[in-house]
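Close look at the chain arrangement
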Amino acid sequence: VTLREAIDKAQRSIPLVLNLKKVDGEGIDFSHLILRGSCLDQAKMRRCRFVGTDLSGALMIGANFDRCDLVGADLVDTDLTRAVFAHSFLSFADLRRSCLIEAVFRDTDLMGSVLWKANLWNTDISGAAHIKEKNFYDPSKPGNSKHACLLEKDAFTAFEAYRSVKHYFYHGEPAREGLDY
């Protein structure tokens, strides 16, 4: 039985914890599966679908997503350190409190995604489309910019994330080392 056959036969309402570390997957439909706490470290996914998939708490360190669809995916508290998203869709994905340290977004749509308290240290968002300041607002307090996580001032990581995002908003390119604001 191949991975694709096993996923196709899986019941969408039963939680699964998968170890897909270093898996090379193509064209697999993980949509609407409950994969909380699964491991996709260093996985290479091409043209895979994760529409509405619950990947909260998953380990996805160094994962590579090329032409993947993660629309509406639950990625709360997910470790996406050094993950790469190329030509992918993360529209309306929930990335609250996710670790996106040194992640890269190339031609990736983040329309309506939630990045509240996501760790964006050294993240390259220059290839992210439809990213707005409201992506960083607390979703429990819609429309209230006073609760944007970018306003945190005391943590070094928050400052670095804010510096990178601020540079992106004003200049349309990633911040370079040594720039003063």
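Reading the values: the criteria
Residues numbered from 1 in each chain as written. Predicted model: local features only at pLDDT ≥ 70, side-chain atom pairs only at ≥ 80, totals over all residues. Heavy atoms only, no water. Phe/Tyr/Trp six-rings, centres within 6.5 Å; stacked < 30°, edge-to-face > 60°. Helix = DSSP H or I, 4+ residues; strand = E, 2+ residues; numbered from the N terminus. Buried < 20%, exposed > 50% of the residue type's maximum accessible area, 1.4 Å probe, protein only. Pairing = 2+ DSSP bridges. Axes fitted to C-alpha atoms, helices over the stretch in contact; angles between N-to-C directions. Core = buried A, V, L, I, M, F, W, Y, C linked by side-chain atoms within 4.5 Å. Contact = heavy atoms within 4.5 Å. Polar contact = N/O pair within 3.5 Å; in protein donor to acceptor, adjacent residues only side chain to side chain. Salt bridge = Lys/Arg side-chain N within 4 Å of Asp/Glu carboxyl O.

**Description of the packing of aromatic side chains**
Considering all chains together, one arrives at 4 aromatic pairs under this definition. Seen from their ring centres, Phe-30 and Phe-50 are 4.7 Å apart, and the 5° between their planes marks the pair as stacked. Of this pair, Phe-30 sits in the loop between strand E1 (24-26) and strand E2 (44-46) while Phe-50 sits in the loop between E2 and strand E3 (64-66); the two residues are 20 residues apart in sequence, bridging distant segments of the chain. Like Phe-30, the residue Phe-50 is buried in the burial classification. Each ring, one from Phe-50 and one from Phe-65, has its centre 5.9 Å from the other, and the planes form 80°; the classification is edge-to-face. With Phe-50 in the loop between E2 and E3 and Phe-65 in strand E3, this pair connects stretches of sequence that are 15 residues apart. Residue classification places Phe-50 among the buried residues on the basis of a relative accessible area of 0%. Overall, Phe-65 belongs to the buried group, its relative accessible area being 1%.

**Comments concerning the sheet that holds E1**
With parallel pairing, the 5 strands of this open sheet are ordered in space as E1-E2-E3-E4-E5. Among the strands making up the open sheet, the edge pair consists of E1 and strand E5 (104-106). The average angle at which neighbouring strand axes cross in this sheet is 5°, direction not considered.

**As for the nonpolar core**
In terms of nonpolar packing, the biggest core is built from 39 residues, with Phe-30, Met-45, Phe-50, Met-60, Phe-65, Leu-70 and Leu-75 touching the most fellow members. With near-sequence residues (within four places) excluded, Phe-65 lies in contact with Met-45, Phe-50, Met-60, Leu-70, Val-84, Phe-85, Ala-86 and Ser-88.

**Quick look at the side chain of Asp-138**
Along the chain, the position of Asp-138 falls in the loop between strand E7 (128-129) and helix H2 (156-171). Only 2.8 Å separates the side chain of Asp-138 from the side chain of Ser-140, close enough to count as a polar contact.

**Examining the environment of Val-71**
Tracing the sequence through the fold places Val-71 in the loop between E3 and strand E4 (84-86). Sequence spacing of Val-71 and Leu-90 is 19 residues, and the spatial spacing of their C-alpha atoms is 4.9 Å. Excluding residues within four positions of it along the chain, Val-71 makes contact with Phe-50, Val-51, Gly-52, Phe-89 and Ser-91.

**A word on the side chain of Asn-135**
Examined against the element boundaries, Asn-135 turns out to sit in the loop between E7 and H2. Within the structure, the side chain of Asn-135 is placed 2.8 Å from the backbone oxygen of Ser-113, a separation counted as a polar contact. Those residues in contact with Asn-135 that sit more than four places away from it in its chain are Leu-110, Gly-112, Ser-113, Val-114, Leu-115, Trp-116 and His-130.

**Looking at the pattern of salt bridges**
In total, this model carries 9 salt bridges according to the counting rule given. Residue Asp-69 is joined to Arg-49 by a salt bridge in which the shortest nitrogen-to-oxygen separation is 3.5 Å. Of this pair, Asp-69 sits in the loop between E3 and E4 while Arg-49 sits in the loop between E2 and E3, placing them 20 residues apart in sequence. A salt bridge links Asp-94 to Arg-96; the nearest nitrogen and oxygen atoms lie 2.4 Å apart. Residue classification places Asp-94 among the buried residues on the basis of a relative accessible area of 14%. Overall, the relative accessible area of 27% leaves Arg-96 in the partly exposed class. Members of the salt-bridge network, linked through shared partners, are Asp-24, Glu-26, Arg-46 and Arg-47.

Remember that the coordinates give geometry; whether it matters functionally is a separate question.
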